[in-house]
Amino acid sequence: MFWQKDIETINRRNLESLQLKRLQQTVSRAYKNIPFYTDKFLEIHMKPKDIISLRDIRKLPFTSREDLRANYPFGLLAVDKEQVVRLHTSSGTTGKPKAIFFSKKDINQAAELIARCLVMTGTTKGDVLQNMMTYGLFTGALVMHYGAEKVGVLVIPAGPGNTQRQIALMQDFKSTALHITPSYALYLASVMHNEGLDPRRDLSLRRAYLGSEPYSEETRSKIENYFGIDVYNSYGLSEMNGPGVAFECIEKNGMHLWEDNFILEIIDPETGETVPEGEKGELVLTTLCREAMPILRYRTRDIVTIMPGKCRCGRTHRRISRIIGRSDDMIIIRGVNIFPQQIEQVLMGIKAVAQNYQIVLEAYDQMTVRVEISKDLFDGRVEHLVSLRNEITEKLRSEILVRPKVELLEPGTLPVSEGKSTRVIDKRTL
Ligand code: ADP
Ligand code: ZN
């Protein structure tokens with residue numbers, strides 16, 4: 001099923017000429033209306049008319065999250081303030097937030113992209129979407145909300161948390177789809193399990209959209225099997241509207257990135273050079289349709305690859321892989337580079353592991369993985385725990401090449417996050 005079949009299946013040649021036209025317009029507007037970009041262009045002696053082909057995008061300066069912070073609050077606005085109808089900020093763990101502005105047209109465009117994503121995965125009029133992302137300054141919930149309403153879906157603006165109420169809402173209003181973080185989905189599953197509820201019998205769920213934080217195929221399977229639903233990966237970031245940037249189709253094999261709205265590049269985070277086709281690198285995005293706040297070559301810090309070949313669904317927009325990591329949350333231990341997702345993937349592949357875990361880094365490069373395991377394993381048989389701990393340690397070692405200390409915990413020991421979860425606690429001083 002398609003929301004905008006023509007544009008979703010546009011041939012590559014037409015797509016690229018559309019991209020070039022929109023890139024030229026975006027660059028001219030940024031140059032004319034945003035002093036930050038005017039200065040950057042002057043520095044490198046470039047004019048918008050120097051963009052003659054798509055390849056010329058490589059001549060443009062990058063925009064970093066530091067640039068967004070330095071220009072907070074209004075510095076990157078390309079329109080009069082009266083044209084702005086919504087403000088979002090990006091969470092950002094340190095320092096000033098990043099302000100993201102939407103004009104009416106931008107709100108509508110972001111909703112269109114979500115509509116494509118929902119319809120592509122079978123959600124349509126008649127569906128009931130329980131939106132468990134955080135409403136408020138975050139983009140996650142509201143952007144999805146507007147897109148779902150556009151399709152004609154009934155949206156329940158539940159927000160995260162209050163798990164008993166979530167379950168009641170799902171039962172009373174027969175929710176068919178969820179929009180939720182992977183960590184909260186796992187938590188929801190464990191609460192339902194402990195209460196003797198069976199999602200296949202007691203709920204009407206058919207699918208869930210999981211995003212906003214990294215997770216593995218193992219976590220997807222765990223959630224699909226428990227709820228008896230299809231789970232689709234959803235990728236976005238506030239700087240690029242929020243959700244709806246890239247989304248899985250029913251093939252569940254990479255996320256189509258809407259290339260009529262964004263130009264995608266994959267670069268080596270160290271050198272800034274484009275990596276060869278198919279290699280992993282940092283995703284860099286340029287907005288093509290944003291009115292209030294166009295952004296050129298934004299360094300997302302998210303590490304991905306482009307999936308090769310055509311997708312069976314018929315869409316021509318290229319697919320990116322699951323997010324392999326964020327270049328800034330890579331852990332380096334004794335010279336070995338480790339992404340938290342590698343640890344998650346191992347843990348979620350082990351049946352006895354419940355839903356929550358934490359990685360603690362301490363002095364002298366010590367890594368402790370604290371992991372909650374199923375209640376029934378605390379049956380007083382110490383040898384069960386010892387052998388499980390050995391199994392987890394060994395599997396982690398063979399994946400990350402470093403032997404961590406593993407601590408087994410009873411379910412409910414670690415804090416539960418409602419929004420993005422904090423998995424890595426870094427206590428190292430250097
Ligand atoms: P912040 O950068 O402050 O966390 P956002 O709330 O905009 O701000 O989060 C965007 C980031 O969330 C992305 O850059 C990415 O790292 C992460 N993210 C979003 N969706 C996914 C997903 N499906 N898989 C992995 N990571 C994701
Ligand atoms: Zn597809």
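Residues numbered from 1 in each chain as written. Chains lettered and ligands numbered in written order. Predicted model: local features only at pLDDT ≥ 70, side-chain atom pairs only at ≥ 80, totals over all residues. Heavy atoms only, no water.

A. Just helix H10 (residues 217-227), in detail. Listed as buried for H10 are Thr219, Arg220, Ile223, Glu224 and Phe227. Buried residues of H10, seen end-on, are gathered within an arc of 130° and therefore sit on one face of the element. At its buried positions, H10 is contacted by helix H8 (182-194), helix H9 (199-202), strand E6 (207-211), strand E7 (230-237), strand E8 (242-248) and helix H11 (340-348). Once H10 finishes, Gly228 follows within two positions and takes phi at roughly 70°, a positive value. (Buried < 20%, exposed > 50% of the residue type's maximum accessible area, 1.4 Å probe, protein only. Helix = DSSP H or I, 4+ residues; strand = E, 2+ residues; numbered from the N terminus. Arc of directions from axis to C-beta. Contact = heavy atoms within 4.5 Å.)

B. Quick peek at the sheet that holds strand E4 (residues 154-156). With respect to topology, eight strands assemble into an open sheet ordered E4-E3-E5-E6-E7-E8-E9-E13, the strand pairing being mixed. Each having just a single partner strand, E4 and strand E13 (319-320) make up the two edges of the open sheet. The pairing of strand E3 (residues 128-131) with E4 spans three bridges and is classified as parallel. Across the sheet, residue Leu129 finds its bridge partner in E4, namely Val155. Along the sheet, H8 contacts strand E5 (177-180) and E6; its crossing angle with E5, the most-contacted strand, is approximately 125°. (Pairing = 2+ DSSP bridges. Axes fitted to C-alpha atoms, helices over the stretch in contact; angles between N-to-C directions.)

C. Molecular detail of the coordination of the zinc ion (ligand 2). Distances from the zinc ion (ligand 2) to its protein donors, namely Cys249 (SG), His256 (NE2), Cys311 (SG) and Cys313 (SG), fall within the range 2.1 to 2.3 Å. With four donor atoms in place around the zinc ion (ligand 2) and angles of 101 to 117° between them, the coordination shape is tetrahedral. Mapped onto the polypeptide sequence, the residues donating to the zinc ion (ligand 2) form the spacing pattern C-x6-H-x54-C-x1-C. Residue Cys249 is located in the loop between E8 and strand E9 (255-257), and its partner Cys311 is located in the loop between strand E12 (298-304) and E13; the two are separated by 62 residues in the primary sequence. (Donors = N, O, S within 2.8 Å, 3.2 Å for Na, K, Ca; no water. Tetrahedral: all angles 85-135°; square planar, octahedral: opposite > 155°, others 65-115°.)

D. Spotlight on empty space enclosed by the protein. One pass over the full model with this rule turns up three cavities of 30 Å³ or more. The calculated volume of the largest cavity comes to roughly 60 Å³. If you go around the largest cavity, the residues you meet are Asp106, Gln109, Ala110, Asn241, Asn261, Phe262, Thr287, Cys289 and Arg290. In terms of residues, the lining of the largest cavity owes the most to one element, helix H5 (residues 104-120), which gives three residues. Split by residue class, the lining of the largest cavity holds three nonpolar, four polar and two charged. (1 Å grid on protein atoms, 1.4 Å probe; cavity = no way out; pocket = protein on both sides within 12 Å on 5 of 7 lines; lining within 4 Å. Points joined across faces, edges and corners; volume = space filled by probe spheres on them. Nonpolar A, V, L, I, M, F, W, Y, C, P; charged D, E, K, R; others polar.)

E. Seen up close, the nonpolar core. Tyr235, Leu257, Leu283, Leu285 and Ile320 are the most contacted members of the largest nonpolar core, which totals 71 residues. In terms of residue count, H5 provides more of this core than any other element does, nine residues in total. Excluding its chain neighbours within four sequence positions, the residues that come into contact with Leu283 are Tyr235, Leu257, Leu264, Glu265, Ile266, Tyr298, Arg299, Thr300, Arg301, Asp302, Val304 and Ile320. Counting residues in hydrophobic clusters, the runner-up holds 46 residues, among them Leu178, Met192, Ile338 and Ile350. (Core = buried A, V, L, I, M, F, W, Y, C linked by side-chain atoms within 4.5 Å.)

F. Seen up close, the packing of H11 against helix H12 (residues 382-400). Close contact between H11 and H12 brings their axes to 10 Å; oriented N to C, the two are set at 140°. When the axes of H11 and H12 are compared, the pair comes out oblique. In this structure, H11 crosses over H12, and the sense of that crossing is right-handed. Contacts from Gln342, Ile343, Val346 and Leu347 in H11 reach Ile392, Lys395, Leu396, Glu399 and Ile400 in H12. Grouping the constituent residues of the contact of H11 with H12 by class yields six nonpolar, one polar and two charged. (Parallel < 35°, antiparallel > 145°, perpendicular 65-115°, else oblique. Left-handed = near helix turned anticlockwise from the far one by under 90°.)

G. Representation of helix H2 (residues 12-33) in the model. With 22 residues, H2 extends 31 Å from end C-alpha to end C-alpha; this agrees with the ideal 32 Å at 1.5 Å per step. Taken together, the buried residues of H2 touch helix H1 (5-8), helix H3 (35-43), strand E10 (262-267) and strand E11 (281-287). The N-cap of H2, judged by a side-chain oxygen 3.1 Å from the amide nitrogen of Arg13 a few residues on, is Asn11. (Expected span 1.5 Å × (residues − 1). Polar contact = N/O pair within 3.5 Å; in protein donor to acceptor, adjacent residues only side chain to side chain.)

H. Highlighting the environment of Ile350. Structurally, the position occupied by Ile350 is in the loop between H11 and strand E17 (353-362). A relative accessible area of 4% places Ile350 in the buried class. C-alpha separation for the pair Ile350 and Ile107, spaced 243 residues apart in sequence, amounts to 42 Å. Leave out the neighbours within four places in its chain, and Ile350 touches Lys222, Leu388, Glu391, Ile392 and Lys395.

I. View of unusual backbone geometry. Geometrically, the link from Tyr72 to Pro73 is a cis peptide bond, its omega value of 0° lying close to zero. By secondary structure assignment, the location of Pro73 is in the loop between helix H4 (65-70) and strand E1 (84-90). Non-glycine residue Ser212 carries a positive phi angle of around 80°. Relative to the helices and strands, Ser212 resides in the loop between E6 and H10. Taking relative accessible area as the criterion, Ser212 reaches 34% and is therefore assigned partly exposed.

J. Spatial organisation of the pairing of E3. In E3, alternate side chains face the same way, and those of Val128 and Gln130 on one face and Leu129 and Asn131 on the other are all buried. Taken together, E3, helix H6 (residues 140-151) and E4 constitute a β-α-β crossover, and its handedness is right-handed. Sheet topology note: the E3/E5 ladder contains three bridges and is parallel. Opposite Leu129, over in E5, you have Ala177 as the bridge partner. (Right-handed = clockwise from strand over helix to strand, strands pointing away.)

K. Broad picture of the packing of aromatic side chains. For the structure on display, the rule yields seven aromatic pairs. Plain terms: the ring middles of Tyr184 and Tyr187 are 6.1 Å apart, the flat faces sit at 25° to each other, and that makes the pair stacked. Here Tyr187 and Tyr184 lie together in helix H8, a separation of three residues that amounts to about one turn. Residue class for Tyr184 comes out buried when judged on its relative accessible area of 1%. Ring centres 5.0 Å apart and planes at 85° place the aromatic pair Tyr226 and Phe227 in the edge-to-face group. Classification of Phe227 as buried rests on a relative accessible area of 3%. Grouping aromatic residues by their ring pairs yields a cluster made of Tyr209, Tyr232 and Phe247. Here the guanidinium or amino end of Arg299 rests over the ring plane of Phe62, the centre of that ring lying 5.1 Å away. (Phe/Tyr/Trp six-rings, centres within 6.5 Å; stacked < 30°, edge-to-face > 60°. Lys NZ or Arg CZ within 6 Å of the ring centre and 35° of its normal.)

Note that all results are geometric; they support no functional claim without further evidence.
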